[in-house]
Amino acid sequence: MQVPLLTDALLNGCDDSFIDHASLERPVHSALVPAWHQLVAAARTAGFDPVIASGFRSYQRQLTIWNDKAAGTRAVLDASGQPLDVTALDDWQLVQAILRWSALPGASRHHWGTDIDVYDRAAVDQSYAVRLTPDEVVDDGPFGAFHRWLDARIEGGESFGFFRPYAADRGGVAPERWHLSYAPMAAYYQRQLTESRLLAALDSPALALRDCVQAHWPEIFARYIWVDAELYPLECRARVLAAGATL
Ligand SMILES: [Zn+2]
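Note that this is a predicted model, so its numbers are computed, not measured. (Residues numbered from 1 in each chain as written. Predicted model: local features only at pLDDT ≥ 70, side-chain atom pairs only at ≥ 80, totals over all residues. Heavy atoms only, no water.)

Draft legend 1. Representation of the coordination of the zinc ion in the model. The zinc ion binds to the protein through His-110 (NE2), Asp-117 (OD) and His-179 (ND1); the donor distances cover 2.1 to 2.2 Å. Residue His-110 is classed as buried on the basis of its relative accessible area, which comes to 4%. Looking at Asp-117, the relative accessible area reads 5%, which means it is buried. (Donors = N, O, S within 2.8 Å, 3.2 Å for Na, K, Ca; no water. Buried < 20%, exposed > 50% of the residue type's maximum accessible area, 1.4 Å probe, protein only.)

Draft legend 2. Summary view of the sheet that holds strand E3 (residues 50-54). The 4 strands are arranged E3-E4-E6-E5 in an open sheet whose pairing can be described as antiparallel. Edge strands, defined here as strands with exactly one partner in the open sheet, are E3 and strand E5 (162-163). Note that strand E4 (residues 115-120) and strand E6 (residues 179-182) share 3 bridges and pair antiparallel. Each bridged residue has a counterpart across the sheet, and for Ile-116 the counterpart in E6 is Leu-180. Packing against the sheet, helix H6 (residues 144-155) makes contact with E3, E4, E5 and E6, and its axis sits at approximately 130° to E4. (Pairing = 2+ DSSP bridges. Helix = DSSP H or I, 4+ residues; strand = E, 2+ residues; numbered from the N terminus. Contact = heavy atoms within 4.5 Å. Axes fitted to C-alpha atoms, helices over the stretch in contact; angles between N-to-C directions.)

Draft legend 3. Representation of the layout of surface pockets. Its boundaries defined by the atoms lining it, the largest pocket holds a volume of some 870 Å³. Ranked by residues supplied to the lining of the largest pocket, first place goes to helix H3 (residues 59-71) with 4 residues. Classifying every residue of the lining of the largest pocket gives 16 nonpolar, 9 polar and 10 charged. Taken as a whole, the second largest pocket holds about 310 Å³ of empty space. Together, 17 residues line the second largest pocket, and Ile-154, Glu-155, Phe-163, Leu-231 and Pro-233 are the ones closest to its centre. Looking at the lining of the second largest pocket, the elements that each hand over two or more residues are H6 and E5. Examining the composition of the lining of the second largest pocket, we find that 3 residues originate from one element, H6, more than from any other. Residues belonging to the lining of the second largest pocket are distributed by class as follows: 9 nonpolar, 3 polar and 5 charged. (1 Å grid on protein atoms, 1.4 Å probe; cavity = no way out; pocket = protein on both sides within 12 Å on 5 of 7 lines; lining within 4 Å. Points joined across faces, edges and corners; volume = space filled by probe spheres on them. Nonpolar A, V, L, I, M, F, W, Y, C, P; charged D, E, K, R; others polar.)

Draft legend 4. Focus on the packing of H3 against helix H4 (residues 91-101). In contact at an axis separation of 10 Å, H3 and H4 are set at 140° when each is read in the N-to-C sense. Taken together, the axes of H3 and H4 lie oblique to each other. Crossing angle aside, the handedness with which H3 passes H4 is right-handed. Of H4, the residues touching H3 (which contributes Trp-66, Lys-69 and Ala-70) are Leu-94, Val-95, Ile-98, Leu-99 and Trp-101. (Parallel < 35°, antiparallel > 145°, perpendicular 65-115°, else oblique. Left-handed = near helix turned anticlockwise from the far one by under 90°.)

Here it is in structure tokens:
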């Protein structure tokens, strides 16, 4: 398969050329659609009804979330999901607190359309408002059974290319059991999202806390943005490992 060359705009959520806005309940990368149908079909035979709560997200949308959190007009949560008093934090503490649950604008995997947040509609009634919080996805939470089933599929290589980039706490992004990534395509995006290329794309006066982000850039990239190739399904790892290479 030929490696698609991706522009900054495609990597950073400023170009939705590859996004399918119509086929599924949320906009996603067009390459993901057939795999999602396969996963849904398999899940339904097991009694689940997977739904995408969030798919493609634009740069502008992520910028609004980030800037609202930096300004204190949107809640910043601690590691356990409780609101933090942001007035007690210095800039670097605030940046880390935001990054725990929210990606930097330009660096979200949701910009690619290859990553989705999912839940099991069969587990809740129609009036239930999905929050995508840790208590919903623990083993005895409403979506725990679905995620245990997904774990087994992923482990068995039967998840149609979907994997969990944020399954475990690695000192950066909080564990997000609801977040799935379509590895065969996401690997290409991640490979081209180099540290220097992304730093240049972030050099925008519209980005709150920009100076602090730039000052801590290598650490932010390693802890909060880069997903280790070993977390990808075996057959996709080589695509990620060429990171930093000139394509
Ligand atoms: Zn997500």
